[in-house]
Amino acid sequence: MKNKTLVLMALCIAINMGLGQIASSLKLPIFLDSIGTILAALLMGPWVGMATGLFTNLIWGLLTGPIAAAFAPVAMVIGLVAGFTARRGMFRSLPMVVVSGVVMTIFVTIVATPIRTYLFGGVTGSGADFFVAYMNAVGQNLLKSVAITVIGSNLVDKVVSCLIGWMLVRRLPERIRSLFPLADEAV
């Protein structure tokens, strides 16, 4: 890997962990921990996005506990989906960025629901736990409660994260964007 890739990944991992820790500390029902992963994918492609997501969650898991590490496959999917949707031109307009967030939510739900349900019994310490508990209390089974909660919280989170990543890339100075040839293709 080139030095610029490693520097970008380190910066994006710090963004993920910083914003994710703030959201977690405030018990927000969204996560904000994938903006850096999306940014890396937009600037360097799906494989760098995937690696950024993976390393974010592994490092975060070492520092804070196993929950973050268990969701490493989810972070990897976010990087892949962001990179591949960008290659398809889905980060070139506001409506398509929103669609990218929806597509990402679908893939995240498929990967995250079994992890949250079977590894953690639906409870991960996030602000979304309230919704799982509520749905379970009103008679939904755990898997359905988790799936609906994952869809709801991730739909907002991934659309917001895609919008922020898109705006950051669009606002990068030209001299910085020129270092990342995929940036102009992506946005």
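Residues numbered from 1 in each chain as written. Predicted model: local features only at pLDDT ≥ 70, side-chain atom pairs only at ≥ 80, totals over all residues. Heavy atoms only, no water.

1. Side note on the side chain of Asp-129
Here's step 1: Assignment of secondary structure puts Asp-129 in helix H7 (residues 129–137).
Here's step 2: Of note is the side chain of Asp-129, whose polar atom sits 3.1 Å from the backbone nitrogen of Thr-124.
Here's step 3: Not counting the four nearest positions on each side in its chain, Asp-129 is found in contact with Arg-116, Gly-122, Val-123 and Thr-124. (Helix = DSSP H or I, 4+ residues; strand = E, 2+ residues; numbered from the N terminus. Polar contact = N/O pair within 3.5 Å; in protein donor to acceptor, adjacent residues only side chain to side chain. Contact = heavy atoms within 4.5 Å.)

2. Points about the UniProt feature "transmembrane region" (unreviewed entry) in the chain
Here's step 1: Per the UniProt entry, the sites bearing "transmembrane region" (unreviewed entry) are residues 30–48, 60–84, 90–111, 118–135 and 147–169 in this numbering.
Here's step 2: In residues 30–48, helix accounts for 68% and strand for 0%; the two terminal C-alpha atoms are 24 Å from one another.
Here's step 3: Secondary structure within residues 118–135 divides into 50% helix and 0% strand; the distance between the first and last C-alpha atoms comes to 17 Å. (UniProt positions renumbered as here; feature names shortened; annotations may be inferred.)

3. Some points on a nonpolar patch on the surface
Here's step 1: A contiguous nonpolar surface patch, about 590 Å² in accessible area, is contributed by Leu-94, Val-98, Val-102, Ile-106, Phe-107, Ile-110 and Leu-155.
Here's step 2: Ranked by residues supplied to the nonpolar patch, first place goes to helix H6 (residues 94–119) with six residues.
Here's step 3: With a relative accessible area of 58%, Ile-110 lands in the exposed category. (Patch = residues over 30% accessible without salt bridge, like charges linked within 9 Å, V, L, I, M, F, W, Y side chains within 5 Å. Areas by Shrake-Rupley, 256 points an atom, 1.4 Å probe, with all protein chains shown as cover. Salt bridge = Lys/Arg side-chain N within 4 Å of Asp/Glu carboxyl O. Buried < 20%, exposed > 50% of the residue type's maximum accessible area, 1.4 Å probe, protein only.)

4. Brief notes about the nonpolar core
Here's step 1: By size, the foremost hydrophobic cluster in this structure holds 35 residues, and its most contacted members are Ile-38, Leu-43, Phe-91 and Met-104.
Here's step 2: Per-element accounting of this core gives the leading share, seven residues, to helix H2 (residues 35–44).
Here's step 3: Residue contacts for Ile-38: discarding those within four places in its chain leaves Ile-78, Ala-82, Phe-91, Met-104, Ser-161, Cys-162 and Gly-165. (Core = buried A, V, L, I, M, F, W, Y, C linked by side-chain atoms within 4.5 Å.)

5. Section: helix H5 (residues 72–87)
Here's step 1: Over its 16 residues, H5 extends 23 Å from the first C-alpha to the last, a length consistent with the 22 Å expected when each residue adds 1.5 Å.
Here's step 2: Taken residue by residue, H5 has Ala-72, Val-74, Ala-75, Val-77, Ile-78, Gly-79, Val-81, Ala-82, Gly-83, Thr-85 and Ala-86 as its buried positions.
Here's step 3: Positioned one or two residues after H5, Gly-89 has a phi angle of 85 degrees, which is positive. (Expected span 1.5 Å × (residues − 1).)

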